[in-house]
Amino acid sequence: MTRSSAIDLGSDRLRIGPWRGDPSIAYISPVLGRAPRREAVDRCLVALREKGYRQVLTSALAAGEQEPFLAAGFEVHEALHLLHHDLAAVPRRSARDESRRGRRRDEPRVLAVDALAFDPFWRFDRTGLADARSATPVSRFRVADGDREQSVDGVSGYAVTGRAGTVGYLQRLAVHPRAQRRGIGEALVVDSLRWARRRGAHAVMVNTQVTNDRALRLYQRLGFVRETQGLAVLVCALDRSWV
Ligand SMILES: CC(C)(COP(=O)(O)OP(=O)(O)OC[C@H]1O[C@@H](n2cnc3c(N)ncnc32)[C@H](O)[C@@H]1OP(=O)(O)O)[C@@H](O)C(=O)NCCC(=O)NCCS
């Protein structure tokens, strides 16, 4: 498994690695949650080009983080809604919640469910799942079991939630297409909110593609509120002569 690594460029720290294991597409993410300097982005692009990458995608960036990337030639690849839940009124644990702790041996089936639920661009490989679970100091990995016909060998859905300080992050949520519309997604989100609040979080954040009406409805129904400014995944080609 090729994990991402952090590189230090002066006062800036960027996490880089292959996008979903693709050796031609790189992934770049500011580590400290603030915009890097334009110069650091430029140096990073040169380094990625030297490593043989042909394209680079960013993590989901807030408006304030996007500027140096846009100035360096990145464009918007996908716009995302950003939502927050203030945890003041958390729904009761769902009667349909039969989720349990996810284990290492669940990972292949969880990734198979993920591949069925998401478009190829968003699909997780092992690195994506590992990065989501380790993106925050503490995280929760829940698996929903299901009937054979609506699952991959018994796994019908999963969620990864993280917490850093007093903020929780619903990092990933997926339900097997044949198990959807039965309340599994809701149960997993409610579990995530309740866990974050128990662990001292004051808010939970989540993002979703602007085209994902189903997820947006689910989050809003459970009390998430859409922020006025969303996020964006940016993309840059590395085979241009000026890079
Ligand atoms: C988004 C997603 C996780 C929702 O999972 P889900 O298990 O279908 O969610 P729920 O069943 O709790 O709710 C979905 C709908 O089913 C309805 N529903 C729930 N139980 C139901 C039941 N027993 N009978 C009929 N409808 C039901 C809900 O009211 C909701 O309706 P709405 O979309 O009209 O608001 C799922 O569609 C998915 O995996 N999508 C692809 C991956 C994805 O987008 N992940 C989130 C990215 S941020």
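Just so it is clear, the model here is predicted, and its values are computed rather than measured.

Asker: A description of the packing of helix H3 (residues 107-117) against helix H4 (residues 126-134) should follow, citing residues and the corresponding values.
Answerer: In the contact formed by H3 and H4, the axes pass within 10 Å of each other and the chain directions differ by 100°. Put simply, H3 runs roughly perpendicular to H4. Contact residues: H3 offers Glu107, Val110 and Leu111, while H4 offers Arg126, Leu129 and Arg133.

Asker: Explain the pairing of strand S13 (residues 231-237) to me, using residue names and the numbers behind them.
Answerer: Taking burial as the measure, the 7 residues of S13 include 6 buried ones, the bulk of the element. Pairing analysis gives 3 bridges linking strand S4 (residues 55-58) to S13, with the strands arranged antiparallel. Paired with Val56 across the strands is Cys236, a residue of S13. Both strand S5 (residues 61-62) and S13 contribute to a ladder of 2 bridges, which runs antiparallel. Bridge assignment links Ala62 to a residue of S13, and that residue is Leu231. Of the strand pairs in this sheet, strand S6 (residues 75-85) and S13 are connected by 5 bridges, and their pairing is antiparallel.

Asker: Pulling in residues and values, what's your account of the site of the ligand?
Answerer: Taken together, 22 residues are adjacent to the ligand, and Leu173, Arg181, Gly183, Gly185 and Asn212 come closest. Between Arg182 and the ligand, the recorded distance is 3.1 Å, taken from a backbone N or O atom to an oxygen atom. Arg221 places a side-chain nitrogen or oxygen 3.4 Å from an oxygen atom of the ligand. Out of a free accessible area of 940 Å², the ligand has 78% covered by protein chains. Among the secondary structure elements, those contributing two or more residues to the shell around the ligand are strand S10 (167-175), helix H5 (184-198), strand S11 (203-209) and helix H6 (213-221). The greatest single-element share of the shell around the ligand, amounting to 6 residues, is contributed by H6.

Asker: Could you give me a rundown of the packing of H5 against H6, with the residues and numbers involved?
Answerer: The contact between H5 and H6 brings their axes to 10 Å, and the two run at 50°. For the element pair H5 / H6, the angle class is oblique. Here the hand of the crossing between H5 and H6 comes out right-handed. Packed against H5, whose contacting residues are Gly185, Glu186 and Val189, the element H6 presents Leu218, Tyr219 and Arg221 at the interface.

Reading the values: rules and limits
- Residues numbered from 1 in each chain as written.
- Predicted model: local features only at pLDDT ≥ 70, side-chain atom pairs only at ≥ 80, totals over all residues.
- Heavy atoms only, no water.
- Axes fitted to C-alpha atoms, helices over the stretch in contact; angles between N-to-C directions.
- Helix = DSSP H or I, 4+ residues; strand = E, 2+ residues; numbered from the N terminus.
- Parallel < 35°, antiparallel > 145°, perpendicular 65-115°, else oblique.
- Contact = heavy atoms within 4.5 Å.
- Buried < 20%, exposed > 50% of the residue type's maximum accessible area, 1.4 Å probe, protein only.
- Pairing = 2+ DSSP bridges.
- Near = heavy atom within 4 Å.
- Polar contact = N/O pair within 3.5 Å; in protein donor to acceptor, adjacent residues only side chain to side chain.
- Areas by Shrake-Rupley, 256 points an atom, 1.4 Å probe, with all protein chains shown as cover.
- Left-handed = near helix turned anticlockwise from the far one by under 90°.

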